Amino acid sequence: MVSTAESRSLDADQAVDLDELAGLDRGRQRCECDHGDDEAYAACGRKAKWRVSIDCDCGENHPRTVEILCSRCLRTLRQTQGQDSITARPL
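Here the structure is a predicted model, which is why all the values come from computation and not from measurement.

Participant: Explain helix H2 (residues 71-81) here, please?
Facilitator: Along an α-helix, a turn takes 3.6 residues, which lines up residues three or four apart on a common side. The complete set of buried residues in H2 reads Cys-73, Leu-74 and Leu-77. All buried residues of H2 project into a common sector of 100° when viewed along the axis, lining one side. Summarising the contacts, the buried residues of H2 are in contact with strand E1 (50-54), strand E2 (65-69) and strand E3 (86-90). At the exit of H2 stands Gly-82, carrying a positive phi of roughly 100°.

Participant: Explain the state of the cysteines to me, please; I cannot follow it from the model alone.
Facilitator: Throughout this description, disulfide means a covalent bond between two cysteine sulfur atoms. Enumeration according to the criterion identifies 0 disulfides in this entry. Here Cys-33 is not disulfide-linked; the sulfur of Cys-73 is the nearest cysteine sulfur, at 3.7 Å. Cys-73 takes part in no disulfide bond, and the closest cysteine sulfur, belonging to Cys-70, lies 3.6 Å away.

Participant: Help me out: how do you make sense of the pattern of salt bridges in this one?
Facilitator: Note that side chains of opposite charge can pair when their charged atoms are close. What the rule picks out here adds up to 1 salt bridge. Between Arg-64 and Asp-55 there is a salt bridge; the shortest N-O distance is 2.7 Å. The class of Arg-64 is partly exposed, set by a relative accessible area of 47%. A relative accessible area of 26% means that Asp-55 is categorised as partly exposed.

Participant: I keep staring at the sheet that holds E1 and nothing clicks. Help me out?
Facilitator: Strand pairing within a sheet occurs via backbone hydrogen bonds; the two strands may be parallel or antiparallel. Taken in spatial order, the 3 strands of this open sheet run E2-E1-E3, and their pairing is antiparallel. Each edge of the open sheet carries a strand with a single partner, namely E2 and E3. Within this sheet the neighbouring strands show an average axis-to-axis angle of 20°, counted without direction.

Participant: What should I look at first to understand the confidence of the model for the protein chain in this one?
Facilitator: Predicted coordinates in regions of low pLDDT should not be interpreted in detail. Mean pLDDT for the protein chain: 77, with 70% of residues reaching 70 or above. Note on residues 16-20: pLDDT is under 50 here. Beyond four places in sequence and across chains, it has 4 contacts.

Participant: Could you clarify how one ought to interpret the nonpolar core in this entry?
Facilitator: Grouped burial of nonpolar side chains is what soluble globular proteins tend to show. Grouped together as the largest cluster of nonpolar side chains are 11 residues: Cys-31, Cys-33, Cys-44, Val-52, Ile-54, Leu-69, Cys-70, Cys-73, Leu-74, Leu-77 and Ile-86. Among the secondary structure elements, those contributing two or more residues to this core are E1 and H2. The greatest single-element share of this core, amounting to 3 residues, is contributed by H2. Not counting the four nearest positions on each side in its chain, Ile-86 is found in contact with Val-52, Ser-53, Leu-74, Leu-77, Arg-78 and Gln-81.

Scoring rules and cut-offs
- Residues numbered from 1 in each chain as written.
- Predicted model: local features only at pLDDT ≥ 70, side-chain atom pairs only at ≥ 80, totals over all residues.
- Heavy atoms only, no water.
- Buried < 20%, exposed > 50% of the residue type's maximum accessible area, 1.4 Å probe, protein only.
- Helix = DSSP H or I, 4+ residues; strand = E, 2+ residues; numbered from the N terminus.
- Arc of directions from axis to C-beta.
- Contact = heavy atoms within 4.5 Å.
- Disulfide = S-S within 2.5 Å.
- Salt bridge = Lys/Arg side-chain N within 4 Å of Asp/Glu carboxyl O.
- Pairing = 2+ DSSP bridges.
- Axes fitted to C-alpha atoms, helices over the stretch in contact; angles between N-to-C directions.
- pLDDT = per-residue confidence, 0-100.
- Core = buried A, V, L, I, M, F, W, Y, C linked by side-chain atoms within 4.5 Å.

Structure, rendered in structure tokens:
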């Protein structure tokens, strides 16, 4: 928790834009899974139910990614990615 003195010292530049944070309760969230082609991103758009953390398994030590997915896209991801690299939590 931020004390009153600390909160006064925050600049507007340091404030967090809540629209950029995934998973905060801002109404109905939509699945972010990319159903587009190589030319353009096309979000799935179904109602999202899961916050999914994905560990890179290519050996390049990439950072963990987080996505908001529907149940169908999570099932597909588990089939292609493998159970060990995925952690899913309900929204």
